[in-house]
Amino acid sequence: MTIKVLLADDQALLRSAFKVLVDSEPGMRVVAEASDGAEAYELSRATAPDVVLMDIRMPGVDGLAATRMISEDPELAGVRVVILTTFEVDDYVVQALRAGASGFLGKGAEPDELLSAIRVAAAGEALLSPVATKGLIARFLAQGDGEDGAAGPDAERLATLTGREREVLVLVAGGLSNDEIAERLSVSPLTVKTHVNRAMAKLGARDRAQLVVIAYQTGLVRPRV
């Protein structure tokens, strides 16, 4: 099954480089290129990509707004957005995760890291770029956006989780992979995957990145200081 990729960046040279890389990889192809967020959204509707590699800083409609538009469109529920950024430690990255992005990757990532990120995002398992520290998301989500983390529909849905699902959610928010969680809980990776999928369904999360956002916004997990 071919993974369809949409490239969104205002730098034509960078898009060309990414296109050559993606198109040269078996099982992947670039289906569209956009130079701004509005075009990225319209092309997403037209081509239904599996993954959008989205730059944040673009003229007009930026990547943050475009990510929100894509994640809020029911017809694009299967589209995963991976934010491409020059600076991985960036408040815009956190805003993008809140807007519905599946994860982020530094523009300086190695080619293999980029291709791996596309595969992981397409599988609905994107979280952090390979070089990001596990505490990064926690630290920046802790800045908040004026919302009461203990309130809202996410907190209400949190009450529907079983004890084991909450335990798994905490470990997911800590940056652990399914294999690492399985080892920690002495269960199989398949069992962990089942718990993760159930938690996503109950919380209305698109993927693991959204589980992390919910875990911190509801106060289930507190940032390390």
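Everything quoted here is computed from the prediction, not taken from an experiment.

**Q** Please explain unusual backbone geometry as it appears in this structure.
**A** Outside of glycine, negative phi angles account for most residues, and trans bonds account for most peptide bonds. Of note in the backbone geometry, Ala 48 takes a positive phi value of approximately 50 degrees without being a glycine. Relative to the elements of secondary structure, Ala 48 occurs in the loop between helix 2 (37-47) and strand 3 (51-55). A residue is classified by how much of its surface remains accessible, and Ala 48, at 39% relative accessible area, is partly exposed. Of note in this structure, Ser 186 is not a glycine but carries a positive phi near 60 degrees. On the secondary structure map, Ser 186 appears in the loop between helix 9 (178-185) and helix 10 (189-203). Taking the relative accessible area as the measure of exposure, Ser 186 reaches 68% and is therefore exposed.

**Q** Could you clarify how one ought to interpret the packing of helix 8 (residues 163-173) against helix 9 in this entry?
**A** A pair of packed helices is characterised by two quantities: the angle between their axes and the separation of those axes. For the pair helix 8 and helix 9, interaxial distance at closest approach is 10 Å and the crossing angle is 130 degrees. Between helix 8 and helix 9, the crossing angle belongs to the class labelled oblique. Read as a crossing pair, helix 8 and helix 9 show a hand that is right-handed. For the pair formed by helix 8 and helix 9, the contact residues are Arg 164, Glu 167, Val 168, Leu 171 and Val 172 on the first element and Ile 181, Arg 184 and Leu 185 on the second. Looking at the contact of helix 8 with helix 9 residue by residue, the classes come out as five nonpolar, no polar and three charged.

**Q** For this particular structure, what's the right way to read the environment of Pro 26?
**A** Following the sequence through the fold, Pro 26 ends up in the loop between helix 1 (12-23) and strand 2 (28-34). Given a relative accessible area of 68%, Pro 26 falls into the exposed group. A C-alpha to C-alpha distance of 8.1 Å links Pro 26 and Thr 2, two positions 24 residues apart in sequence.

**Q** Is there a simple way to explain the environment of Arg 157 in this structure?
**A** Following the sequence through the fold, Arg 157 ends up in helix 7 (residues 153-158). Residue classification places Arg 157 among the partly exposed positions, given a relative accessible area of 30%. Between the alpha carbons of Arg 157 and Lys 202 there is a distance of 6.5 Å; along the sequence they are 45 residues apart. Those residues within four positions of Arg 157 in sequence are excluded, and the remaining contacts are Lys 202, Leu 203 and Gly 204.

**Q** Explanation requested: the sheet that holds strand 3 in the structure shown.
**A** Pairing between the strands of a sheet comes from backbone hydrogen bonds, and it takes one of two forms, parallel or antiparallel. Here we have five strands laid out as an open sheet, ordered 2-1-3-4-5, and parallel in their pairing. The strands lining the two open edges of the sheet, one partner per strand, are strand 2 and strand 5 (103-106). Averaged over all neighbouring strand pairs, the angle between strand axes comes to 25 degrees, with direction disregarded. Summarising the sheet, strand 1 (residues 3-8) and strand 3 pair through four bridges and their orientation is parallel. Across the sheet, residue Val 5 finds its bridge partner in strand 3, namely Val 51. Contacting strand 3 and strand 4 (80-85), helix 3 (residues 63-71) runs over the sheet at an angle of about 155 degrees to strand 3. Sitting on the sheet, helix 5 (residues 111-122) is in contact with strand 1, strand 2, strand 3, strand 4 and strand 5, with an inclination near 125 degrees to strand 3.

**Q** Mind showing me how you'd approach the pairing of strand 1 here?
**A** With five of its six residues buried, strand 1 lies for the most part within the structure. Pairing of strand 1 with strand 2 involves six bridges; the strand directions are parallel. The partner of Ala 8 across the bridge, within strand 2, is Ala 34. At this point the chain moves from strand 1, through helix 1, to the parallel strand 2, and the crossover so formed is right-handed.

**Q** Would you mind going over the nonpolar core with me for this structure?
**A** The nonpolar side chains of soluble globular proteins are, as a tendency, buried together. Ranked by size, the top nonpolar core spans 24 residues in total, and within it Leu 6, Ala 8, Val 52, Met 54, Ile 70 and Ile 83 carry the most contacts. For this core, the secondary-structure elements that each account for two or more residues are strand 1, strand 2, helix 2, strand 3, helix 3, strand 4, helix 4 (91-99) and helix 11 (208-217). Dropping the residues within four chain positions of it, Ile 70 is found in contact with Tyr 41, Ser 44, Val 52, Met 54, Leu 76, Val 79 and Val 81. Ranked by size, the runner-up nonpolar core spans 23 residues in total, among them Val 168, Val 172, Ala 182 and Val 212.

The rules behind each value
Residues numbered from 1 in each chain as written. Predicted model: local features only at pLDDT ≥ 70, side-chain atom pairs only at ≥ 80, totals over all residues. Heavy atoms only, no water. Helix = DSSP H or I, 4+ residues; strand = E, 2+ residues; numbered from the N terminus. Buried < 20%, exposed > 50% of the residue type's maximum accessible area, 1.4 Å probe, protein only. Axes fitted to C-alpha atoms, helices over the stretch in contact; angles between N-to-C directions. Parallel < 35°, antiparallel > 145°, perpendicular 65-115°, else oblique. Left-handed = near helix turned anticlockwise from the far one by under 90°. Contact = heavy atoms within 4.5 Å. Nonpolar A, V, L, I, M, F, W, Y, C, P; charged D, E, K, R; others polar. Pairing = 2+ DSSP bridges. Right-handed = clockwise from strand over helix to strand, strands pointing away. Core = buried A, V, L, I, M, F, W, Y, C linked by side-chain atoms within 4.5 Å.

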